[in-house]
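# Descriptive structure summary
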Amino acid sequence: MQESWINKVRTPCYVIDEKRLKENLEILKSVKERSGCKILLAQKAYSVFQTYPLIAEYLDGCTASGLYEARLGFEEMAKPFGRENHVFSPAYLDEEFDEIAKICGHISFNNIRQFEKFKDRAKNASCGIRINPEHSTQEHAIYDPCGEYSRLGTTLANFPDLPEGVEGLHFHTLCEQNADALAETMAEVVKKFGKYLGRIRWLNMGGGHHITRPDYDIDLLVETIRFWKNDTYGFEVYLEPGEAIALNAGYLVTTVLDTFTNGMDIAITDASAACHMPDVLEMPYRPNIRGAGAKGEKPFTYRLGGNTCLAGDIIGDYSFDSKLCEGDRLVFEDMAIYSMCKNNTFNGMALPWIYLLKENGGTELVKSFSYEDFKERL
């Protein structure tokens, strides 16, 4: 039986599950307490700032990829709650840097050249250099900063010495991985950059840590952090996960608009893979649907497609216990991360509204969108 809120919200919509978000934050808080590290929200994955007051109760601040995210983190978390605001960008825009330096306490540079260019304008910030340990632990080339010819981070060959004024080092090499990948990467960091680690105040171990996934090895994570932080070098350790904070803590609710047959049963929904869940096409990623199964697993299989003119706007093939009908509601799981940060209005598709599912089972409308949002961005 469907929960009552599913039929009360306007579709398509994203729904943030407050209870699950808190559960994730409790796990992250325990990692902080056990390891002594600090954890930041990576806003590139999740930036529903209406929930920042809750996140600020558990985490140490935000990290950004540029001025706009840095402003959001400053205005909605750092300034009102006294949390930290960090930023990294492959290259900073000259006309934006002074504002970045005013609102960010930690600034990581992609290479020594960028640091030398801006260091005199970043005197009030703690500056770091992003390093590239050149050690891949994943197979997703598009998300691998350690791949051949990478533009992210400085390799050892291009790192002659730790520049004066640099207080930290930063690496980000993981993508949806477990603690064993971090331990392996950290060993490579020590092998290549170990001679600098005793001279820094902080080490940012980046994101991609799937800490709130049920099978994640939290004990190994804590052990790894404590060994390098407390037992070896004594620097501050930062983690900046995005997915782990809102993993499995949100949904995309959609309505079936039409069904027909063309070699197989097809259903058109008011949600679009291309517009509302870009990772379905980019990763590719197949989100689960509540109560549905894989193709052929249940009696009735449908290919679900979005309501755009893009032929490839296909969400995937799913099976159901009964036939789909116009007006049926479908709930895609794990839709809080990357969806709202990456969605778009291609084809004039409306942006999904955003709701908060309260712990008491009620829903609160967080944000609505209209034609004006489509028009004014052009």
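Residues numbered from 1 in each chain as written. Predicted model: local features only at pLDDT ≥ 70, side-chain atom pairs only at ≥ 80, totals over all residues. Heavy atoms only, no water.

### A few points about the packing of aromatic side chains
The following threshold applies: Aromatic rings from Phe, Tyr and Trp, taking only the six-membered ring of Trp, are treated as a pair when their centres fall within 6.5 Å; an angle between ring planes under 30 degrees marks them as stacked, one over 60 as edge-to-face, and anything in between as tilted. For the purposes of this entry, the term helix denotes a DSSP run of H or I that reaches at least four residues, the term strand denotes a run of E that reaches at least two, and both are numbered from the N terminus. Exposure is judged per residue with a 1.4 Å probe applied to protein chains only, and the accessible area is read against the type maximum: over 50% gives exposed, under 20% gives buried, and values in between give partly exposed. A positively charged side chain is recorded as over a ring if its NZ (Lys) or CZ (Arg) lies within 6 Å of the ring centre. The angle to the ring normal must also be within 35 degrees.
Within the structure shown, the criterion is met by 16 aromatic pairs. Between Phe159 and Phe193 the ring centres are 5.7 Å apart and the planes differ by 80°, which places this aromatic pair in the edge-to-face class. Placement of the pair is Phe159 in the loop between strand S6 (126-130) and strand S7 (166-170) and Phe193 in helix H6 (residues 179-197), with a sequence separation of 34 residues. By relative accessible area, Phe159 is classed as buried at 2%. Note on Phe193: relative accessible area 0%, which makes it buried. An aromatic cluster is built from Tyr92, Phe97, Phe109, Phe115 and Phe118, whose rings are joined through pairwise contacts. Its end group placed over the ring of Phe88, Arg130 keeps NZ or CZ at 4.8 Å from the ring centre. Directly above the ring of Tyr318 sits Arg286, whose terminal nitrogen or CZ lies 3.9 Å from the centroid.

### Some remarks on empty space enclosed by the protein
Just so we agree on the cut-off: Both cavities and pockets are sets of points on a 1 Å grid over the protein atoms alone; in a cavity a 1.4 Å probe fits but cannot get out, in a pocket the set is open with protein on both sides within 12 Å along at least five of seven lines, and lining residues sit with an atom within 4 Å of a point. Grid points are joined across faces, edges and corners, and a volume is the space filled by probe spheres set on the points. We call Asp, Glu, Lys and Arg charged. Ala, Val, Leu, Ile, Met, Phe, Trp, Tyr, Cys and Pro are nonpolar, and the rest, Gly among them, are polar.
If you walk through the whole model with that rule in mind, you get one cavity of 30 Å³ or more. Surrounding the largest cavity, Thr63, His86, Val87, Phe88, His106, Ile107, Ser108, His170, Trp202, Asn204 and Glu240 form its lining. For the lining of the largest cavity, the secondary structure elements donating two or more residues are strand S4 (84-89), strand S5 (106-109) and strand S8 (202-204). For the lining of the largest cavity, the class distribution of residues is four nonpolar, six polar and one charged.

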